[in-house]
Amino acid sequence: MSNRPKLDKLLKNQSSSSRAADLQGLLCYAEGISKIENVVAVVSDLKNNTSRIYSGKFGALLGIEGYRHESSIWEKMILDLMTEEEREEKYLAELRFFNFLRHRPRNMRGDYYLASRLRVMTVGGKSIDILHRMYYVYSADGETVCYAVCLYGCMAFDFTGSSVVVNSTTGATEELAADKDVSILSKRERQVLKLIDCGRTSADIAELLSISKHTVSRHRQDILAKLQVRNSVEACKIAKSIGLI
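Residues numbered from 1 in each chain as written. Predicted model: local features only at pLDDT ≥ 70, side-chain atom pairs only at ≥ 80, totals over all residues. Heavy atoms only, no water.

1. Structural notes on the overall build of the protein chain
Here comes step 1: Summing up its helical and strand segments, the protein chain has nine helices and eight strands in all.
Here comes step 2: For the protein chain, buried positions account for 47% of its 245 residues.
Here comes step 3: In the protein chain, the proportion of contacts linking residues at least 24 apart, taken out of those at least 6 apart, comes to 55%.
Here comes step 4: On the protein chain, roughly 12,200 Å² of surface is accessible, and the fraction owed to carbon and sulfur atoms is 50%. (Helix = DSSP H or I, 4+ residues; strand = E, 2+ residues; numbered from the N terminus. Buried < 20%, exposed > 50% of the residue type's maximum accessible area, 1.4 Å probe, protein only. Contact = heavy atoms within 4.5 Å. Areas by Shrake-Rupley, 256 points an atom, 1.4 Å probe, with all protein chains shown as cover.)

Structure (C-alpha cells):
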C-alpha cells in the first residue's frame, strides 16, 4: 500500500479555528529563495489543494523550468523524475516527519525541517542525488499545518541515512529511521492493534488486557484517527507496512 494516501489524509483532514499563516509572504519567500539558491521552490496550500512552483536554475537541469502551477499538493512533474520506490521513500519520510512533529510542543513545531536525499533523473537522462528540504508552516495555534514549503536543489551537505530532521534553531539533527515509527502509536495501541490483526474481538481484547470494552473502543478510534484510515483492516495493513506490528 502506498504511503502517499496516508500522508494525504493526514494533511488534508485537519481542522483549526486559528488563522492561517501569510500565504503571500511565503510565495515571496519561495520566489526569492529560488533565485538566491537556484533551487526549485514549491509552496503547497493544503486547504485549497494547490501548489505554486518557482524554478530556479536547478529547474533547468531537471527539465521543469516552465513548471509554475499544480492543482494538487503534490508536485507531479518532480515526482515523475523518481522511481516508484524512491517516491515511496519520500512519502514515508514525510509521514514520519509529520508524526515526529505531533510529539513536539506546539510552540516548537516550526523549529524543525526535513532534509532528504532523493535520486532523480535529469533532462539529460543522468541519475543524480538531490537535496530535498521540507518545512511545514503551522496556523497561529501551532496545531494545523497550513502550508508545506519544499526546496529541491543540489546536495549541498551530506548526512547519515536517507532522511534527517533538523532543528533550525540549534542545528541538531535526528535520523528518521524505521525504529522511530513506533512513536506513531502508543504501546497500548500497538498491543490492541496486534490483537485485532489476530482476529480478536473487542470483548476478547478487553479480557486479555484487563481493560473495559469502552477503553478498547476508544483505542480503536484513536488508532484509526492516527493512521487516518477507515477501518481496522486498513489500519493493520498500514501498521505492518511501517513495522508498527
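Past the structure itself, the notes keep going.
2. Section: the packing of helix H6 (residues 187–197) against helix H8 (residues 213–227)
Here comes step 1: At a minimum axis separation of 10 Å, H6 and H8 run at an interaxial angle of 100°. Judged by the angle between their axes, H6 and H8 are roughly perpendicular. Packed against H6, whose contacting residues are Arg188, Glu189, Val192, Leu193 and Ile196, the element H8 presents His219, Arg220, Asp222, Ile223, Lys226 and Leu227 at the interface.
Here comes step 2: Of the residues assigned to the contact of H6 with H8, the class counts are five nonpolar, one polar and five charged. (Axes fitted to C-alpha atoms, helices over the stretch in contact; angles between N-to-C directions. Parallel < 35°, antiparallel > 145°, perpendicular 65-115°, else oblique. Nonpolar A, V, L, I, M, F, W, Y, C, P; charged D, E, K, R; others polar.)

3. Thoughts on the packing of H6 against helix H7 (residues 202–209)
Here comes step 1: Where H6 meets H7, the closest approach of the two axes is 10 Å, and the angle between their N-to-C directions is 130°. Classed by the angle they form, the pair H6 and H7 counts as oblique. The way H6 lies across H7 gives a crossing that is right-handed. Facing H6, whose interface residues are Arg188, Gln191, Val192, Leu195 and Ile196, H7 presents Ile205, Leu208 and Leu209.
Here comes step 2: The residue makeup of the contact of H6 with H7, split by class, is six nonpolar, one polar and one charged. (Left-handed = near helix turned anticlockwise from the far one by under 90°.)

4. Observations regarding the nonpolar core
Here comes step 1: Val40, Ile78, Phe97, Tyr136 and Tyr152 are the most contacted members of the largest nonpolar core, which has 39 residues in total.
Here comes step 2: Among the secondary structure elements, those contributing two or more residues to this core are helix H1 (4–12), strand E1 (40–45), helix H3 (57–62), helix H4 (76–79), helix H5 (84–102), strand E4 (112–121), strand E5 (127–138) and strand E6 (145–154).
Here comes step 3: Ranked by residues supplied to this core, first place goes to H5 with eight residues.
Here comes step 4: In contact with isoleucine 78, not counting residues within four places along its chain, are Val40, Val42, Ile64, Tyr67 and Tyr152.
Here comes step 5: Core analysis: the next-biggest nonpolar cluster, separate from the first, contains 19 residues, Ile184, Leu193, Ile211 and Leu227 among them. (Core = buried A, V, L, I, M, F, W, Y, C linked by side-chain atoms within 4.5 Å.)

5. Points about the packing of aromatic side chains
Here comes step 1: Considering all chains together, one arrives at five aromatic pairs under this definition.
Here comes step 2: Ring geometry for tryptophan 74 and tyrosine 91: centres 5.4 Å apart, planes at 75°, overall edge-to-face. Of this pair, tryptophan 74 sits in the loop between strand E3 (69–70) and H4 while tyrosine 91 sits in helix H5, and the two are 17 residues apart along the sequence.
Here comes step 3: With 6.3 Å between their ring centres and 80° between their planes, phenylalanine 98 and tyrosine 136 make a pair best called edge-to-face. Linking phenylalanine 98 in helix H5 with tyrosine 136 in strand E5, this pair joins segments that are 38 residues apart in sequence. Here the two residues phenylalanine 98 and tyrosine 136 agree in accessibility, since each one is buried.
Here comes step 4: Every member of this aromatic cluster is reached through a ring pair, and the members are Phe97, Phe98 and Tyr136.
Here comes step 5: Note that arginine 104 overlies the ring of phenylalanine 100, its terminal NZ or CZ placed 4.3 Å from the centroid. (Phe/Tyr/Trp six-rings, centres within 6.5 Å; stacked < 30°, edge-to-face > 60°. Lys NZ or Arg CZ within 6 Å of the ring centre and 35° of its normal.)

6. Some details on the sheet that holds E6
Here comes step 1: Spatial strand order, E3-E2-E1-E6-E5-E4-E7-E8: eight strands in an open sheet with antiparallel pairing. Whereas interior strands pair on both sides, the edge strands pair on one side only; in this sheet they are E3 and strand E8 (173–175).
Here comes step 2: As judged from the eight bridges shared by E4 and E5, these two strands associate in the antiparallel manner. Residue pairing in the sheet places leucine 114 in a bridge with methionine 134 of E5.
Here comes step 3: Strands in contact with helix H2 (residues 23–36) are E1, strand E2 (50–55), E5 and E6; relative to E1, the strand with the most contacts, it is inclined by about 165°.
Here comes step 4: In the packing of H5 onto the sheet, contacts are made with E4, E5, E6, strand E7 (163–167) and E8, and the angle to E4 comes to roughly 180°. (Pairing = 2+ DSSP bridges.)

7. A closer look at the pairing of E5
Here comes step 1: In terms of burial, E5 is a largely internal element, nine of the twelve residues being buried.
Here comes step 2: Strand direction decides the pairing type here: E5 and E6, joined by nine bridges, are antiparallel. Among the inter-strand pairings, tyrosine 135 is bridged to a residue of E6, identified as valine 149.
Here comes step 3: Taking the residues that link successive antiparallel strands as the turn, the E5-E6 hairpin has six residues, and the phi of glycine 142 there is positive, at about 75°.

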